[in-house]
Structures are given as C-alpha cells and as structure tokens.
Amino acid sequence: MATLDQKSPNVLLQSLCCRITGKSEAEVAHQFQYAVRVIGSNYAPTIERDEFLVSEKIKKELLKQRREADAALFSELHRKLQTQSVLKHRWSVLYLLLSLSEDPRKPSSRVGNYGALFAQALPRDAHSTPFYCTRPQSLALSYGERSAGLSSTVGTSGISSLGVYTLNGPTPTPQSLLSGQPPPSASGAVQPLGSRLAWTLPVSCSSSSALNPPATRPPLAPPATSARVVHPRRDGEVSEATLVRDILYVFQGIDGKFIKMSSQDNCYKIDTKVVLCKSLRDTSSRLAELGWLHNKVRKYTDARSLDRAFGLVGQSFCAALHLELKEYYRLLSVLHSQVEDEQGVNVCTESSLTLRRLLVWMYDPKVRLKTLAALVDFCQGRKGGELASAVHSYGKTGDPQMRALVQHILSLVSHPILNFLYRWIYDGELEDTYHEFFVASDPNVKADRLWHDKYSLRKSMIPSFFTMDQALKVLLIGKSINFLHQVCHDRTPPGKITPASNSADTPKDAAELLSDLEGAFQEKIDVAYFDTSKYLLDVLNRNYLLLEHLQAMRRYLLLGQGDFIRHLMDLLKPELARPATTLYQHNLTGILETAVRATNAQFDNAEILKRLDVRLLEVSPGDTGWDVFSLDYHVDGPISTVFTRECMAHYLRAFNFLWRAKRMEYILTDIWKGQMCNAKLLKTMPELSGVLHQCHILASEMVHFIHQMQYYVTFEVLECSWDELWNKVQQAQDLDHIIAAHEVFLDTIISRCLLDSSSRSLLSQLRAIFDQIIEFQSAQDSLYRSALEELSLRLQYEERKRQREEEGQWGVTAEQEAEEKKRIHEFQETIPKMRSQLRILTHFYQSIVQQFLVLLMTSSDESLRFLSFRLDFNEHYRAKEPRLRASLGATRNRRLSNI
C-alpha cells in the first residue's frame with residue numbers, strides 16, 4: 001500500500017515542489033496547493049500544441065550554449081521517441097523540460113514567477129486591445145520573450161496578450177511564491193489584463209504586505225484606516241459575497257443560485273423571492289447585463305465556427321471574437337481566484353471583492369462586450385467582403401478604445417481577403433471556395449470569351465475600405481495574367497512580369513496595409529497594374545500584330561485603301577452585274593487576289609492578307625451581285641478579344657453602306673463619261689438637245705449630292721473618328737482601354753453613318769436616293785442606246801445616198817425617202833416619252849432629297865444639320881419645299897437661343 005501511495009499523483013507533485021524550491025514538505029504547502037489547482041483547472045494553454053516547435057526551441061537553446069553534441073543527441077532521442085507509443089503527451093513533457101531548463105536568473109522564466117504574473121496593478125482599460133495600436137504582436141514561445149516584447153510595444157491584442165505561462169484556473173497566487181516585487185515591466189508597459197488586475201486582488205484577507213500594489217498605483221479602495229460600517233442583515237437576506245459568486249457565474253453565461261436567465265424577458269433576473277435591498281438588486285441587475293452580452297457573442301461564435309460555408313473571412317471574424325472572449329475569461333479567472341481565497345474569512349477588509357468594485361472593474365469589459373454584441377448583430381447574414389465592410393463601418397467612431405478594438409478585429413477579418421488579393425494579382429489564381437472575394441469566376445466560359453465574360457466583380461463583396469478604382473484594377477491585373485496564360489499561351493512566370501511584393505502573411509501585415517490604403521497599398525496595386533498591362537499590350541502588339549490588324553480593318557473594310565477598292569470594283573463590275581444566284585465565291589476570291597497583287601495592298605503583311613476574304617450575304621429575290629457582295633476579315637486567337645463578333649458585325653454593316661455609296665460614285669462617273677463621250681456625236685440630232693440638257697442637270701444634282709455625302713462620311717466621320725481612336729490606342733494603359741476606344745469608334749461610325757436605330761428614316765431615304773441614281777443610269781443608257789441606234793441608221797442612210805450619187809444615180813428613191821422620214825418621225829415621237837420619263841425621275845429624286853433634307857435639318861446631330869446646308873448650298877430645294885424654310889427658321893432660332 002505504501003508503494004502505491006508513493007506513486008500517487010499528489011505525492012509525486014509534492015515531491016516535485018520540494019525538489020524545485022529546496023524546502024521541506026511543511027514549507028511548501030502553499031506551493032503544493034497552487035500546483036494542484038493549476039493541474040486541476042480546465043483552461044487550455046494559450047499557445048499552439050506544436051511538438052516540432054518546442055523541440056526546435058530546445059535544440060536552439062542547446063546550440064546557444066555551444067552544446068552541439070547534446071543537440072544532436074536530443075534530436076536522435078526525440079526521433080526515436082516519436083516512433084514509439086510510450087508517451088501520449090510528448091508535447092507536454094517537452095514543454096515542461098523546456099520551462100525547467102530556462103535560466104533561473106531570468107525572473108520571467110522561473111516557476112516562482114507565476115506570482116509575478118498576477119502581481120501588477122489594475123489598469124484603467126481592462127481590455128485586450130491596446131489604446132492606439134491596432135497591430136497584433138506575434139506570439140513568442142516563452143514568457144520571457146513575451147515580457148521583452150511587451151516592454152517595447154504599446155500593447156497586445158487577443159491571444160497574443162497572453163504569456164506562455166498562462167493562468168490555468170481560477171486560482172490565486174500563493175504568497176510564498178511571490179518575490180515581493182512586481183515584474184520590472186509592471187510600471188512601464190501595458191500588461192495583459194489578468195496580470196495587471198491581480199495586484200489589486202489579495203490572496204486572502206490575512207495576506208501580508210507582499211501583495212500590496214506598487215507605489216505608483218493608488219489603491220482603488222479607501223485607506224485601511226477608515227472604518228467600514230457593516231449594516232446588519234435582515235433575516236433571510238442574501239449576503240453580498242454570495243451575490244458576487246452568482247454574478248461571476250452569470251458573467252460566463254451560467255445561471256447562479258439566485259440570478260437566472262429569464263427566457264420570457266431574455267435577460268438575467270434575480271429571483272423575486274430573494275430578500276435583497278434595492279441598491280444591491282439594482283447593482284446586480286446592471287452587472288448581469290455582461291452575462292447577456294457574453295451569451296450573445298458566444299452564441300454567434302459557437303454557431304458560426306462550425307459552419308464551413310461561412311468562409312475564411314467569417315472564421316477569422318469568429319477567431320477575433322474568441323480572442324476577445326478569451327481575454328474576458330482571463331479577467332474572470334482572476335476574480336474567481338479572489339472569491340475563492342476570501343472563503344472562510346469572517347472579517348472582510350476594504351480590499352474584499354464587492355459588487356461596487358465589480359461594477360468599476362467591469363466597466364471597460366462591458367463597453368467592449370457591447371461593441372462586440374452590436375457588431376455581431378450588424379454582421380448577421382454577411383460573409384466575405386461584405387462582412388469586412390460591416391466591421392469597417394464600426395471603426396468610424398471618435399472613441400479611441402472602440403476604434404482600436406474594431407481595427408484589431410478588422411485586421412484579422414481582412415487578412416484572408418488580402419491573401420486572396422495577393423494571390424490573384426501576383427499569380428492570377430482565384431481560390432475562393434466560399435465566394436468571399438470580390439472577383440468572381442465563371443468556369444463555363446470558354447477561352448475566346450475569357451476577357452469579356454469569365455471574370456467579373458461582385459460589387460456586394462467589395463470591402464468599403466477599397467475604392468471602386470482599386471477593385472477594377474485588381475480585377476484587371478488577374479484577368480491579364482490569366483489571359484496571357486490561357487489565350488496568348490505566354491509561359492512567362494508572373495514573377496518576371498511584375499515583382500511579387502510581400503503578402504499579408506500575418507494579421508500584423510494586414511493591419512499595416514489597412515492603415516495606409518492610399519499609400520503603400522495603392523502603390524502595390526498600381527505597380528502590378530502598370531507592369532502587367534504593359535506586358536500584355538507588348539505581347540499583343542509584338543506577337544499578334546494587334547495594331548496592324550486594326551489598320552487593316554480601316555484600309556479594307558472601311559475602304560481606306562483607295563487604289564485597291566477602285567481596281568477591285570473595276571474587276572468585279574462584270575461579275576456583280578449578274579444575278580446574285582449565279583455568283584460563285586471562289587471566282588470572286590480569285591478576283592480579290594488579282595486586285596491585291598495589282599495594287600499597293602501587295603506590300604501588306606502576309607498574315608493580314610491571308611485573313612482577307614470574300615463573303616456573300618443572304619440572297620433575296622431580284623438581288624444582283626452588288627447587293628450581296630462583301631469583304632470579310634477573319635479574326636481568331638487573342639485579337640478576337642478586341643474584334644469580337646459584335647464588332648465584326650458593325651464592320652460588315654459599315655462596309656455595305658460604304659460599298660453602296662462607293663458604287664453610286666462609280667455609277668455617276670460612268671454617267672458623266674457617257675455624257676462627255678456622246679455629246680459631240682449627238683450634236684447632229686438637235687431634237688435631243690432638250691432631253692440631253694435635262695440629263696446633264698439631273699446628273700449634276702446627283703453628283704453634287706454623292707460628293708457631299710462622300711466627303712461627310714470619309715472626312716467628318718471616318719477620318720476624325722479614326723484619328724481619335726489611334727490617339728487613344730497609343731495612350732492606352734491596358735487592354736480594356738483599347739477595347740473601349742474601339743467600341744466608341746464603331747458606335748460613332750454606326751450612328752453618324754445613319755446605321756443606328758434612331759436614323760432608320762434617314763437611311764431609308766438615302767437608299768431611295770441611291771435607287772433613283774441606279775434608275776437614272778438605266779434611263780440614260782436607254783436614251784443613249786436609242787439615240788445612237790437612230791444616229792447609226794441616219795449615217796447609214798446618208799452613206800448609201802452618197803455612194804449612189806457617186807455612181808451617178810439618184811441618191812434615194814421616193815419610197816426610201818418616205819421610209820426614212822417615217823422612221824425619223826417615229827423616233828421623234830419617242831422623245832417626249834423620254835422627256836416625261838426624265839421629268840418624273842427628276843421629280844421623284846428631288847422630292848426624296850427634300851424629305852432627306854427635312855430629316856437632316858431636324859436631326860439632333862449638329863454635323864448632320866451642317867450636311868444639309870452643304871447639300872442645299874444654293875437653297876434650290878428650299879425654294880421648292882416649304883418645310884425646309886420652316887425647319888431652317890426653327891434651326892436658326894434654336895441656335896440663337898443656345899447662344
């Protein structure tokens with residue numbers, strides 16, 4: 001039996017206390033009681049149970065002492081120990097050995113320093129986050145290192161404010177363990193709450209002066225010399241000490257003996273049957289509010305900590321709340337130790353724990369819990385960046401303590417967001433499992449639409465401390481990296497495109513960035529944005545000839561290459577005059593290649609020329625080749641991001657309009673040629689002079705109209721818009737700027753070339769004018785054909801007459817002369833029909849032009865109104881159309897009113 005007693009935990013623990021202190025069993029009673037309470041407590045240590053970290057620390061200590069052989073031996077023994085299952089708590093054993101091996105000359109590393117841990121005065125601010133510092137300090141491995149860190153910083157926050165030798169239970173510090181003086185840092189640095197509070201809480205009512213607070217801290221209670229008046233209690237009245245014990249349980253959300261949670265009123269209430277004076281009842285009710293606040297915060301953290309869908313940001317928020325609750329529990333453990341030490345003492349001094357003292361000491365923790373509870377309410381149903389925005393909004397306060405608390409929580413909450421951000425802008429990787437980041441990705445989008453559709457902004461997830469400009473730049477940086485890898489197939493590592501900056505590895509780094517969002521953080525975003533965008537544009541221009549393709553669109557699809565277009569039209573004229581159903585694309589493609597080889601287009605890049613092709617539009621009944629012919633330009637790969645299907649559709653519409661207008665110019669040129677060539681031939685037919693004069697006048701009107709329209713489209717629309725586009729492209733900082741400038745260019749062309757929905761009436765009138773020009777060409781060709789045929793017959797008649805006269809015969813017989821006169825008479829009878837046909841054609845043409853001018857005059861586009869002035873420069877149409885006079889007057893009045 002004696003053998004069993006010798007191996008019992010109590011005996012072994014007492015022997016350990018004797019061995020450490022070097023005293024007898026009777027002299028170590030206080031130390032033994034303290035050790036039993038520490039071992040029996042259920043508080044977890046505040047450091048991570050990392051066996052590797054502790055073993056590395058031991059090896060470093062051995063190497064510092066130049067005991068390399070011992071370090072190697074320890075490493076080998078530890079490796080063998082890991083392969084065996086003899087010890088289940090290897091970390092605890094290693095940690096104990098490390099603690100025992102620390103230098104006894106360091107007061108913070110001795111076991112006796114447990115008393116010094118609590119031997120400091122009560123602070124004014126009983127909270128974990130420092131007043132004016134939001135950067136959490138990194139956790140040191142030993143309390144000695146923590147003490148050194150605390151002496152050089154403003155304070156600590158959350159779990160980092162706890163030392164390694166933490167308070168492991170609601171146990172007071174034995175008097176015999178105290179050194180008699182507080183730690184050196186007690187008077188200079190801001191210390192953790194538990195250690196600062198313990199100086200005002202004596203071990204017992206009979207404690208000696210060893211636990212008196214330092215001289216620099218005035219006692220919270222009145223001087224001991226003032227007598228305390230003890231009022232007699234009524235029969236059955238609950239003592240204040242009992243209420244204090246109940247309140248301490250309530251602080252942890254546990255129902256006390258007399259103070260319980262009322263589910264109906266959702267608050268803690270004192271049992272109405274309890275006999276209690278009004279002042280104590282009111283004070284207890286005020287203190288019980290901390291329990292309700294604690295429950296609110298704890299309920300939120302317990303519910304959300306296990307919710308994986310809450311995301312990393314949400315878990316960081318819960319971790320920040322846990323840190324604050326842990327510091328709150330440290331305070332409660334000190335208060336519990338004080339209450340337990342006061343048990344069994346009949347006479348209480350002025351240093352006893354009372355409700356009034358609790359009310360004073362718990363004021364700051366209550367304010368902090370109120371802030372946390374309000375934050376929990378405001379953050380309900382939020383996650384990711386939206387949650388960070390909610391926390392950030394609470395930091396806009398004039399209270400420095402509350403602001404420091406919220407900023408500390410914000411630094412923890414924003415840490416995952418900053419990690420997402422740095423991974424995105426430096427590697428182009430988006431690992432957002434729970435959709436917390438403000439950049440969203442659609443995996444169903446193919447590579448050809450990657451730039452436009454795959455990545456987008458979740459505006460609700462943009463933190464309020466980020467500007468929209470920063471969010472757009474962040475989106476663009478990662479999108480550019482992915483575009484380079486997936487579409488451009490560029491294998492350059494992201495680190496060579498832009499040098500990776502130090503990421504937010506710790507909440508401390510996150511806090512530093514948040515404190516300088518417009519400085520260092522903005523600079524990082526800008527550097528990554530400029531470097532990545534510049535590299536992408538260089539790749540597109542160097543490897544994929546983006547600017548050359550843009551110029552090719554201008555030269556071929558917008559008819560900028562004049563010699564090529566003219567020669568192509570000459571070659572295509574016989575083919576396109578045929579019905580559209582008889583055309584073959586391969587024949588037209590051969591004609592296109594011939595036109596390229598015969599003009600300056602042959603000197604273009606082969607990569608551009610091979611993309612140029614012929615396209616036949618959908619055939620309608622009665623269409624000719626002119627109605628269905630179109631040039632096409634094939635785009636693929638990265639350049640299709642700029643020249644999208646919508647853009648190419650705009651180019652096709654613009655080409656058809658410009659091609660039709662160019663054809664009108666081509667037709668009028670042929671009309672003018674016919675007039676000039678036939679003018680001398682038909683002088684011998686004076687009866688045609690009136691008809692020919694009418695043709696000349698109508699042709700002149702049409703030439704003037706088409707020339708003015710061509711000038712407007714070519715110079716005022718195409719050239720001006722192209723110049724603006726080219727300047728913007730040269731100054732573009734990213735691909736989005738080029739795409740936006742290109743889209744503005746096409747929209748301008750579509751709207752000012754009357755191809756948009758608001759200009760349909762103008763376009764229909766213009767097409768009607770084009771149809772009248774084609775009809776006029778047919779009428780003139782028919783006139784010249786009849787006239788030339790009649791002229792040929794007359795010349796033949798005269799030639800036969802001359803030959804017969806030379807032969808000495810009569811020139812003509814009476815019958816031949818009668819037939820000739822009859823034929824001439826029949827031809828002359830057709831002239832009035834030609835004249836009336838031209839008159840009708842002229843009337844239709846002029847009426848359509850007048851309607852077109854009326855629409856131009858009433859247009860909101862100033863350039864179109866100026867076009868109407870040029871088309872009717874001599875007011876010829878205005879004299880015939882009353883609406884033009886009214887429109888002109890209204891336009892002048894509107895211009896005067898604008899002036």
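Residues numbered from 1 in each chain as written. Predicted model: local features only at pLDDT ≥ 70, side-chain atom pairs only at ≥ 80, totals over all residues. Heavy atoms only, no water.

(A) Just the overall build of the chain, in detail. Scanning the chain from N- to C-terminus turns up 34 helices and six strands. Within the chain, the proportion of its 899 residues that are buried is 48%. Long-range contacts, defined as pairs at least 24 residues apart, comprise 75% of the intrachain contacts of the chain with a sequence gap of at least 6. In the form shown here, the chain has an accessible surface area of approximately 45600 Å², with 53% of it arising from carbon and sulfur atoms. (Helix = DSSP H or I, 4+ residues; strand = E, 2+ residues; numbered from the N terminus. Buried < 20%, exposed > 50% of the residue type's maximum accessible area, 1.4 Å probe, protein only. Contact = heavy atoms within 4.5 Å. Areas by Shrake-Rupley, 256 points an atom, 1.4 Å probe, with all protein chains shown as cover.)

(B) Spotlight on the packing of helix H28 (residues 689-731) against helix H29 (residues 735-752). Running from N to C, H28 and H29 point in directions that differ by 170°, and their axes come no closer than 9 Å. In terms of orientation, H28 lies roughly antiparallel with respect to H29. Contacts between H28 and H29 pair Tyr712, Glu716, Val717, Leu718, Ser721, Trp722, Leu725, Lys728 and Val729 from the former with Ile738, Ala741, His742, Val744, Phe745, Thr748, Ile749 and Arg752 from the latter. When grouped by side-chain class, the residues that make up the contact of H28 with H29 number eleven nonpolar, three polar and three charged. (Axes fitted to C-alpha atoms, helices over the stretch in contact; angles between N-to-C directions. Parallel < 35°, antiparallel > 145°, perpendicular 65-115°, else oblique. Nonpolar A, V, L, I, M, F, W, Y, C, P; charged D, E, K, R; others polar.)

(C) Representation of the confidence of the model for the chain. Of the residues in the chain, 79% have a pLDDT of 70 or more, and the chain-wide mean is 79. Every residue in residues 107-232 is under pLDDT 50, and counting partners more than four places away or in other chains gives 274 contacts. Confidence drops under a pLDDT of 50 for residues 894-899, and excluding neighbours within four residues, the segment shows three contacts in the predicted structure. (pLDDT = per-residue confidence, 0-100.)

(D) Structural view of the nonpolar core. In this structure, Leu358, Phe438 and Phe564 are the most contacted members of the largest nonpolar core, which totals 202 residues. Of the residues forming this core, the biggest block, 16 residues, is contributed by H28. With near-sequence residues (within four places) excluded, Leu358 lies in contact with Val244, Ile247, Leu248, Phe251, Leu287, Leu335 and Leu353. Among the nonpolar cores identified, the runner-up in size contains nine residues, and Ile58, Phe74, Leu94 and Tyr95 belong to it. (Core = buried A, V, L, I, M, F, W, Y, C linked by side-chain atoms within 4.5 Å.)

(E) Examining the packing of aromatic side chains more closely. Under the definition given, this model contains 23 aromatic pairs. Centroid distance Phe438 to Phe466: 5.8 Å. Interplanar angle 90°. Geometry classified as edge-to-face. You can see Phe438 sitting in the loop between helix H16 (400-427) and strand S3 (439-441) and its partner Phe466 sitting in the loop between strand S4 (455-457) and helix H18 (468-486), a full 28 residues away along the chain. Note on Trp722 and Trp726: the rings are 5.7 Å apart at their centroids and 25° apart in plane angle, and the pair reads as stacked. Residue Trp722 and its partner Trp726 are located together in helix H28, separated by four residues, close to a single helical turn. A residue is classified by how much of its surface remains accessible, and Trp722, at 14% relative accessible area, is buried. When its relative accessible area of 22% is taken as the criterion, Trp726 is described as partly exposed. By the ring-pair criterion, three or more aromatic residues cluster together here, those being Phe420, Phe437, Phe438, Phe465, Phe466 and Phe521. In this structure, Arg304 is placed above the aromatic ring of Phe310, and the distance from its NZ or CZ to the ring centre is 4.5 Å. Over the ring of Trp451 we find Lys479, and its NZ or CZ is 4.6 Å from the ring centre. (Phe/Tyr/Trp six-rings, centres within 6.5 Å; stacked < 30°, edge-to-face > 60°. Lys NZ or Arg CZ within 6 Å of the ring centre and 35° of its normal.)

(F) Here's a closer look at unusual backbone geometry. The phi dihedral of Arg66 falls on the positive side, at around 60°, and the residue is not glycine. Within the secondary structure, Arg66 is located in the loop between helix H4 (51-64) and helix H5 (68-83). Classification of Arg66 as exposed rests on a relative accessible area of 72%. The phi dihedral of Leu559 is positive, around 60°, even though this residue is not glycine. Mapped onto the secondary structure, Leu559 falls in the loop between helix H22 (546-557) and helix H23 (562-576).

(G) Seen up close, the pattern of salt bridges. For the structure shown, the criterion picks out 41 salt bridges. The partner of Arg67 in a salt bridge is Asp70, with the nearest N and O atoms 2.8 Å apart. Overall, the relative accessible area of 33% leaves Asp70 in the partly exposed class. Its salt-bridge partner being Lys479, residue Asp736 comes within 3.9 Å of it at the nearest N-O pair. Taken as a pair, Asp736 in helix H29 and Lys479 in helix H18 lie far apart in primary sequence, 257 residues in all. We classify Asp736 as partly exposed; its relative accessible area is 31%. Salt bridges sharing partners connect three or more residues here, namely Glu687, Glu790, Arg794, Glu820 and Arg823. (Salt bridge = Lys/Arg side-chain N within 4 Å of Asp/Glu carboxyl O.)

(H) Fine view of the packing of helix H10 (residues 240-251) against helix H11 (residues 278-305). Two elements in contact, H10 and H11, have axes whose closest approach is 8 Å; the angle formed by their N-to-C orientations is 20°. Relative to H11, the element H10 lies roughly parallel. Considering only the axes of H10 and H11, their crossing is right-handed. Facing Glu240, Leu243, Ile247, Val250 and Phe251 of H10, the residues of H11 in contact are Leu280, Ser284, Leu287, Ala288, Leu290, Gly291 and His294. (Left-handed = near helix turned anticlockwise from the far one by under 90°.)

(I) View of the pairing of strand S6 (residues 629-633). When you tally the buried positions in S6, you get five out of five residues, the bulk of the element. Side chains Phe629, Leu631 and Tyr633 project from S6 onto one buried face, and the interleaved Ser630 and Asp632 project onto a second face that is buried too.

(J) Summary view of a nonpolar patch on the surface. A surface patch of nonpolar side chains, amounting to about 350 Å² of accessible area, comprises Leu16, Ile20, Leu96 and Leu100. Of all the secondary structure elements, the ones that give two or more residues to the nonpolar patch are helix H2 (9-21) and helix H6 (90-100). Inspection of the secondary structure puts Leu96 in helix H6. In this structure Leu96 comes out as partly exposed when scored by relative accessible area, which is 45%. (Patch = residues over 30% accessible without salt bridge, like charges linked within 9 Å, V, L, I, M, F, W, Y side chains within 5 Å.)

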